[in-house]
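Survey of secondary and tertiary structure
Each chain is listed here by its residues.
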Amino acid sequence: MTVTRFAPSPTGYLHIGGLRTALYNYLWARRNGGKFLLRIEDTDLKRNSLEAAQAIKEAFEWTGLSYDGEIVYQSQRFDIYKEYVEKLLKEDKAYYCYMSKEELDALREEQTANKQRPRYNGKYRDFKGVAPAGIEPVVRIKAPLNGEITFDDGVKGSISFKAEDILDDFIIARSDGTPTYNFTVVVDDALMGVTDVIRGDDHLSNTPKQIVIYEALGFKIPKFFHVPMINNPQGKKLSKRDGAMDVMEYKNMGFLSEALLNFLVRLGWSYGDQEIFSLKEMIEFFDPNNINASASSYNQQKLEWLNACYIKNATSARLWQEASNFKLSIKDDKNAELLAGMLRERAKTIVQLVEMTKAILDEPQSYEQKAIEKFVTKESVLYLKEYLDILSKSKDLESANDFENITNEFLEKIGLKLKDIAQPIRIALVGSSVSPSIFEVMSVIGYDSVRVRIEKFLNREIV
Ligand code: GLU
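Source: prediction; values computed, not measured.

1. Looking at the packing of helix H13 (residues 333-343) against helix H14 (residues 350-361)
Two elements in contact, H13 and H14, have axes whose closest approach is 11 Å; the angle formed by their N-to-C orientations is 120°. With respect to H14, the axis of H13 lies oblique. Considering only the axes of H13 and H14, their crossing is right-handed. Taken together, the residues of H14 that come into contact with H13 (itself represented by Leu339, Met342 and Leu343) are Leu353, Met356, Thr357, Ile360 and Leu361. In the contact of H13 with H14, the residues fall into seven nonpolar, one polar and no charged.

Below you can see the structure in the form of structure tokens.
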């Protein structure tokens, strides 16, 4: 059975690179009918672990990802790690090292001066004597002294590290007994039954060390997939300046979670030239073996484009549900459909949808000066007066069609074209020269409001 995991270090929020890693692991587990586990790597930052778990839960809930079983907290597993450190000590695969900080510093200085890679010199590797007093030892693993560590990465292909270039007898437990990062990862991945590790390629250099630990502990080595980073459009490391880092900020900016997941799945993976993927399709098609070997580039326009696609295809109920997160409540069924129909092709984000909706529903508090200068003349004010007169005398008008018909009658009577008065009407109704069809706007705000708004506009001292 395929078992994957997402193993974030607690930061208090889930960043988008993390969400992509989580998504890939989730999809691969689901595709194979396997398990997707969640582990909080909180050995250093115990304080933040609950907050981090909460942030992940919130982001998962929003995006519809789910993990199996209980969350594993590394901070609760020190006894387990200790047990495995002791096992290696007992089997002589690890040893206590009593080198003092001063000794280590001196060694490093000497190596640096000789232009050698700073590394531990193996002083206590086969030490049989009496341990020096007053030193709390660290535990070091007996790493291979030469040869190669090779593994087949599902993304990058065959990877080889020369033992002498990257390894020394690295520390697996500090002098206070706490295990080091690579050790906990291996113990947990093995005990949790993880078969496929999909993670950022910033962890690639940890992998040979982890393999040494797997081998020492006699655990089965999982399949690794190291995913290239998401860069900014300039090819540099993605930073806060390039886009939001906290996944939930995307929600606040009015992105739909499907659009964000779709955006992320394509950042580093493709399936033919398909751009739009439902979660179901992602599960059906995603294969980490097809992840691109080169870094991907964050592209805000692409995300906005995808979001616009998803908004365009969303039901009215969905759109107003999303809008309710921004304190906009559209309950009137007729208007809900009408507004969604008018705006879903125009709004790139839910925030824009909310703004556009408010611009229609709320009476204008001001009129865009530039639009007035451009479109409102003495004549058009006169025409508007006549138009208001006709509207007032007519029976209650309801549909966009009703408004269109009466407007056409009026235009015919005075020999004008719609373009001659459309903008002044629009400015009167919504305060600017930008809106969907004025007849639809009229139908949404209703007969009474149409007249009130035009009247208010005319009562201003504007030529
Ligand atoms: N805790 C690590 C991180 O947040 C991930 C470890 C792993 O995936 O092996 O980058």
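Let's pick the thread back up.
2. Observations concerning the packing of helix H16 (residues 378-393) against helix H17 (residues 400-414)
Where H16 meets H17, the axes come as close as 10 Å, and the angle between the chain directions of the two elements is 130°. As far as their axial angle goes, H17 and H16 are oblique. Here H16 and H17 pass one another in a crossing that is right-handed. Where H16 abuts H17, its residues Tyr383, Glu386, Tyr387, Ile390 and Leu391 lie against Ile406, Thr407, Phe410, Lys413 and Ile414.

3. Things to note about the site of the ligand
Looking at the ligand, the residues that line it are Arg5, Ala7, Pro8, Ser9, Glu41, Tyr181, Val185, Arg199 and His203. Here a nitrogen atom of the ligand sits 2.7 Å away from a polar atom, N or O, in the main chain of Ala7. Side-chain polar atom of Arg199 to an oxygen atom of the ligand: 2.8 Å apart, as the coordinates give it. Coverage of the ligand by the protein amounts to 81% of the 300 Å² it exposes when considered alone. Per-class residue counts for the shell around the ligand are four nonpolar, two polar and three charged.

4. Quick look at the sheet that holds strand E5 (residues 138-141)
Spatial strand order, E4-E5-E8: three strands in an open sheet with antiparallel pairing. This sheet does not close on itself; its edge strands, each paired only once, are strand E4 (94-97) and strand E8 (171-173). Between one strand and the next, the sheet's axes are offset by a mean angle of 45°, whatever the strand orientation. Direction of pairing for E5 relative to E8: antiparallel, over a ladder of two bridges.

5. Brief notes about the pattern of salt bridges
Per the stated rule, a full pass over the model turns up 23 salt bridges. Here Arg39 ties to Asp189 by a salt bridge, and the two come within 2.7 Å at their closest N and O atoms. Placement of the pair is Arg39 in strand E2 (residues 35-40) and Asp189 in helix H6 (residues 181-191), with a sequence separation of 150 residues. Taking the relative accessible area as the measure of exposure, Asp189 reaches 1% and is therefore buried.

Calculation notes
- Residues numbered from 1 in each chain as written.
- Predicted model: local features only at pLDDT ≥ 70, side-chain atom pairs only at ≥ 80, totals over all residues.
- Heavy atoms only, no water.
- Axes fitted to C-alpha atoms, helices over the stretch in contact; angles between N-to-C directions.
- Helix = DSSP H or I, 4+ residues; strand = E, 2+ residues; numbered from the N terminus.
- Parallel < 35°, antiparallel > 145°, perpendicular 65-115°, else oblique.
- Left-handed = near helix turned anticlockwise from the far one by under 90°.
- Contact = heavy atoms within 4.5 Å.
- Nonpolar A, V, L, I, M, F, W, Y, C, P; charged D, E, K, R; others polar.
- Near = heavy atom within 4 Å.
- Polar contact = N/O pair within 3.5 Å; in protein donor to acceptor, adjacent residues only side chain to side chain.
- Areas by Shrake-Rupley, 256 points an atom, 1.4 Å probe, with all protein chains shown as cover.
- Pairing = 2+ DSSP bridges.
- Salt bridge = Lys/Arg side-chain N within 4 Å of Asp/Glu carboxyl O.
- Buried < 20%, exposed > 50% of the residue type's maximum accessible area, 1.4 Å probe, protein only.

Function cannot be read off these values alone, since they describe shape.
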